[in-house]
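# An overview of the molecular structure
Listed here are the chains, written in short residue letters.
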Amino acid sequence: MQIYLARNNQQAGPYSLEQVNQMLASQQVLLTDLAWHEGMTEWKTLGELTQGKLVYEPVGYSPFSTPAQPETTSSFKIKVEHKATPESAPLHSRFLAKLIDVILWIPATFILTAFFSPEQAQKFTQLNEQLLHLMSDRSADIALAQKVQAEIVSIIPTQAWMAMCIYIIAMLMVQAFFIGKSGQSIGKKLTKIKIVDAETYTAVSSIRAFWLRSIVFIILNLMIVPLISVIESLFALGKNRQALHDKLAKTKVIKQ
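So, a few notes on the structure that sits alongside this text. (Residues numbered from 1 in each chain as written. Predicted model: local features only at pLDDT ≥ 70, side-chain atom pairs only at ≥ 80, totals over all residues. Heavy atoms only, no water.)

## Examining the nonpolar core
Definition in use: Working definition of a nonpolar core: buried Ala, Val, Leu, Ile, Met, Phe, Trp, Tyr and Cys residues. They are joined through side-chain atoms within 4.5 Å. Accessibility here uses a 1.4 Å probe with only protein chains present; expressed as a share of the type maximum, an area under 20% marks a residue as buried, one over 50% as exposed, and anything in between as partly exposed. The helix and strand labels rest on DSSP assignments: H or I over at least four residues marks a helix, E over at least two residues marks a strand, and numbering proceeds from the N terminus. When checking whether two residues touch, look at their non-hydrogen atoms; a contact exists if any pair is within 4.5 Å.
One finds Val-148 and Ile-152 to be the most contacted residues of the largest nonpolar core, which totals 16 residues. Counting residues per element, the ones that place at least two in this core are helix H4 (107-111), helix H5 (118-136), helix H6 (142-154) and helix H7 (158-182). If you tally residues by element for this core, the top one is H5, at four residues. Sequence-distant contacts of Val-148, defined by excluding residues within four places in its chain, comprise Leu-127, Gln-130, Leu-131 and Leu-134. Judged by nonpolar contacts, the second largest core, of 14 residues, contains Met-1, Val-20, Leu-24 and Tyr-56.

## Some remarks on the side chain of Asp-101
So the rule is basically this: Charge convention: Lys and Arg are scored as positive, Asp and Glu as negative, and His as well as the terminal groups of each chain are ignored. Salt bridge, as used here, is a side-chain nitrogen of Lys or Arg placed within 4 Å of a carboxyl oxygen of Asp or Glu. In the analysis that follows, any N or O atom pair within 3.5 Å is treated as a polar contact, provided that within protein one partner can donate a hydrogen and the other can accept it, and provided that, for residues neighboring in sequence, both atoms belong to side chains.
Along the chain, Asp-101 turns up in helix H3 (residues 91-103). Among buried charged residues, Asp-101 stands out as having no salt bridge; its nearest opposite-charge side chain is Lys-188, 4.9 Å away. In terms of polar contacts, Asp-101 uses its side chain to reach the backbone amide nitrogen of Gly-187, at 2.9 Å. Those residues in contact with Asp-101 that lie beyond four places of it in its chain are Gln-175, Ser-185, Ile-186 and Gly-187.

## Re the sheet that holds strand S1 (residues 3-7)
What counts is decided by this rule: Here, a strand pair is defined by DSSP locating no fewer than two bridges between the strands. Between N-to-C directions, angles span 0 to 180 degrees; the directions come from axes that are lines fitted to C-alpha atoms, helices contributing only their stretch in contact.
In space, the four strands of this open sheet follow the order S2-S1-S3-S4, with antiparallel pairing throughout. At either margin of the open sheet sits one strand with a lone partner, and together these are strand S2 (10-15) and strand S4 (44-45). Alignment of S1 against strand S3 (residues 34-36), held across three bridges, turns out to be antiparallel. The residue bridging Tyr-4 from the neighbouring strand is Trp-36, located in S3. In the packing of helix H1 (residues 17-25) onto the sheet, the strands contacted are S1 and S2, and the crossing angle to S2 comes to about 125 degrees.

What follows is the structure, given as structure tokens:
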């Protein structure tokens, strides 16, 4: 088997499987370097091929197979040097990305009032003003405040609730698609940061990048706001810039 390596648009090789494993063990090549050999349809990082291990064991590999040359323009030997560890995403970029992603959820609240008639809109405004007054008055009757809340919910049309649910589901699917594909939510794409494996700096599955990092903590935020947000922020100030959800999913956010 002949394996070609590439880094920063420079190609090296071919190398035997044994040579590649020796270079991996000695860190002459890294899991973030690209690799190609016969049977592959595209270049991939060594980390993807080895599943994060420092040894490559191709499935079904036979030492007697005849290697084929990849369709590349040039092949020359280069001295493979150590590659700097990707830089962690700065806190201001992470905050801005989070803010953008939160803003994308705001339309869901406006959908609830989009189906109001003029009379319903007027009553909704009056009830909200009454509720705010009751909440600011410490001596107000809690039962009365709960009754006002129930009235507010009751005047929202069923189609408004359905439209809001559709928007939320659609937004979750869009974010899950982008995160699963590139490790970037819409906010992270705009701020040029992305989610990677904390050890190998390679792409991670959507289960880790989206469901563990996002959905689990959305549920926790709904349950114990603002405590979980405060704890999250404190963890992100650490040396590795890993928030609590990063530690749970074993991920890290780096500059693109």
